Amino acid sequence: MAYTEQAHQLIDQFGRRVDYIRLSITDRCDFRCVYCMSEDMSFLPREEVLTLEECARLVKVFVALGVSKVRITGGEPLVRKNALSLFEEIGHLPGLKELVMTTNGSQLEHFAQPLKQAGLSRINISVDSLDPERFRKITRVGDLSKVLRGIEAAQAAGFANIKLNTVLMRGINDDEAIPLVDFAIAQGLDIAFIEEMPLGAVDHQRDSTYVSNQATLKLLQGHFPLISSAESTGGPAKYWRVAHANTRIGFISPHSHNFCEACNRVRITCKGELYLCLGQEDRVDLMPLLRAYPNDDTPLIEAILASMRVKPKGHDFDLQRQAPAVIRFMSQTGG
Ligand code: SAM
Ligand code: SF4
């Protein structure tokens, strides 16, 4: 069957239309953020990771099924060797309206310009502190100056609506909400605060560091003239605009707000596992189909269509629980 006949078929059992995929192209990273990874991580051997050609094939199949937005993520997507070739392969696919990426920014000074040329539409850059020493502590190894140069390079390459992603942790960087918003305003960037999620066993108790977005919003409202906004970038963030500035402040609040009713996305790990929900275990393994049928997409398409029947209604995070809500780290599922 031709792809066009199957377009727009990704509708789940609750009637939600899936038009957004997040594809992790590596579980590796040059940082070890304390909320994302444990100090001692082991990574997948190369043969267990999708090749970039397999990644591109998956993107093409999903786009043919009506997906119009693709986020490339990781791990750190730009530490994957030849990552740029994937962007070049899919950047101008007909039907793909938005190709976006989440990155820690460490390699952006080298890649921003060619990524823009390849067709990347938008970039989210994760920054949890503007203090170099604290930045190193949170990332365990990261160099803030490189990330700041990466942000500059992205701006110079002409990317608009660059968004910072920040995870605030109590007693670690929760005093930086205001300076980070000041920085975003000065640089003409958006910023989103993401509540820490219990994904994977890290080296601290999640409930000891959790900061609710409700508290962050209250703090920021005391400092900035914020105007509630109905805008959306197609994700779960609720936005506020800073009056007289170009900056939007987003809040991604998986704990205090359940945004699952409008969920429009699925995630694919770098092993080719199609996860139907970030916070649940339901998944379909696509790698065996990719490898068993190198020239025939039909089994892959059938498996993806069938997965819509098992997409769960929503997640269920509980920070008090001793065990993580799901065992896999965000770096494995793809943030
Ligand atoms: N390495 C890239 C980066 O840091 O932007 C992309 C992958 S990272 C897993 C994607 C996003 O997930 C980052 O913004 C990061 O802050 C966030 N993240 C990772 N672990 C998280 C957790 N346990 N709870 C909330 N956000 C998390
Ligand atoms: Fe790496 Fe991103 Fe996870 Fe930090 S949040 S360890 S940069 S994957």
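What this report covers is the structure whose coordinates are included nearby. Since the structure is predicted, the reported quantities are computational estimates derived from the model, not experimental observations.

**Structural notes on the pattern of salt bridges**
Next, step 1: Per the stated rule, a full pass over the model turns up 14 salt bridges.
Next, step 2: The closest approach of N and O atoms between D297 and R57, which form a salt bridge, is 2.8 Å. Of this pair, D297 sits in the loop between α10 (287–292) and α11 (298–307) while R57 sits in helix α2 (residues 52–64), and the two are 240 residues apart along the sequence. For the pair formed by D297 and R57, the shared burial category is buried.

**A few points about the sheet that holds strand β1 (residues 20–24)**
Paired through their backbone hydrogen bonds, the strands of a sheet run either parallel or antiparallel.
Next, step 1: What the 12 strands build is an open sheet, ordered β7-β8-β9-β6-β5-β4-β3-β2-β1-β10-β11-β12; its pairing is mixed. Where the open sheet ends on each side, the last strands, each with one partner, are β7 (226–229) and β12 (283–285). On average, each strand axis in the sheet is tilted by 20° relative to the strand beside it, whichever way the strands run.
Next, step 2: Pairing geometry for strand β2 (residues 69–73) and strand β3 (residues 98–103), over four bridges, is parallel. Among the inter-strand pairings, K69 is bridged to a residue of β3, identified as E98.

**Some points on the site of ligand 2**
Next, step 1: In the region of ligand 2, the neighbouring residues are C29, F31, R32, C33, C36, M37, G75 and N104.
Next, step 2: Taken together, the residues of the shell around ligand 2 sort by class into five nonpolar, two polar and one charged.

**Some remarks on the environment of H255**
Next, step 1: Within the element layout of this structure, H255 appears in the loop between β9 (248–252) and β10 (265–268).
Next, step 2: Judged by its relative accessible area of 22%, H255 is partly exposed.
Next, step 3: Between the C-alpha atoms of H255 and E196, which are 59 residues apart in sequence, the distance is 8.8 Å.

**Looking at the environment of P299**
Next, step 1: Examined against the element boundaries, P299 turns out to sit in helix α11.
Next, step 2: Taking relative accessible area as the criterion, P299 reaches 16% and is therefore assigned buried.
Next, step 3: Once residues within four sequence positions are removed from consideration, P299 is found in contact with L289 and Y293.

**Considering the packing of α2 against helix α3 (residues 83–90)**
Next, step 1: The interhelical angle for the contact between α2 and α3, taken along N-to-C directions, is 25°, at an axis separation of 10 Å. Taken together, α2 and α3 sit at an angle that is classed as roughly parallel. Considering only the axes of α2 and α3, their crossing is right-handed. Between α2 and α3, the contacting residues are L52, C55, A56, V59 and K60 on the first element and A83, S85, L86, E89 and I90 on the second.
Next, step 2: When its residues are assigned to classes, the contact of α2 with α3 shows seven nonpolar, one polar and two charged.

**Focus on the site of ligand 1**
Next, step 1: Residues in contact with ligand 1 amount to 19 residues; listed here are only the nearest, Y35, G75, T103, S126 and M197.
Next, step 2: Backbone polar atom of G75 to a nitrogen atom of ligand 1: 3.0 Å apart, as the coordinates give it.
Next, step 3: Within the side chain of E76, an N or O atom sits 3.2 Å from a nitrogen atom of ligand 1.
Next, step 4: About the coverage of ligand 1: the protein hides 96% of its 540 Å² of free accessible area.
Next, step 5: When the residues that make up the shell around ligand 1 are grouped by side-chain class, the tally is six nonpolar, nine polar and four charged.

Thresholds applied
Residues numbered from 1 in each chain as written. Chains lettered and ligands numbered in written order. Predicted model: local features only at pLDDT ≥ 70, side-chain atom pairs only at ≥ 80, totals over all residues. Heavy atoms only, no water. Salt bridge = Lys/Arg side-chain N within 4 Å of Asp/Glu carboxyl O. Helix = DSSP H or I, 4+ residues; strand = E, 2+ residues; numbered from the N terminus. Buried < 20%, exposed > 50% of the residue type's maximum accessible area, 1.4 Å probe, protein only. Pairing = 2+ DSSP bridges. Axes fitted to C-alpha atoms, helices over the stretch in contact; angles between N-to-C directions. Near = heavy atom within 4 Å. Nonpolar A, V, L, I, M, F, W, Y, C, P; charged D, E, K, R; others polar. Contact = heavy atoms within 4.5 Å. Parallel < 35°, antiparallel > 145°, perpendicular 65-115°, else oblique. Left-handed = near helix turned anticlockwise from the far one by under 90°. Polar contact = N/O pair within 3.5 Å; in protein donor to acceptor, adjacent residues only side chain to side chain. Areas by Shrake-Rupley, 256 points an atom, 1.4 Å probe, with all protein chains shown as cover.

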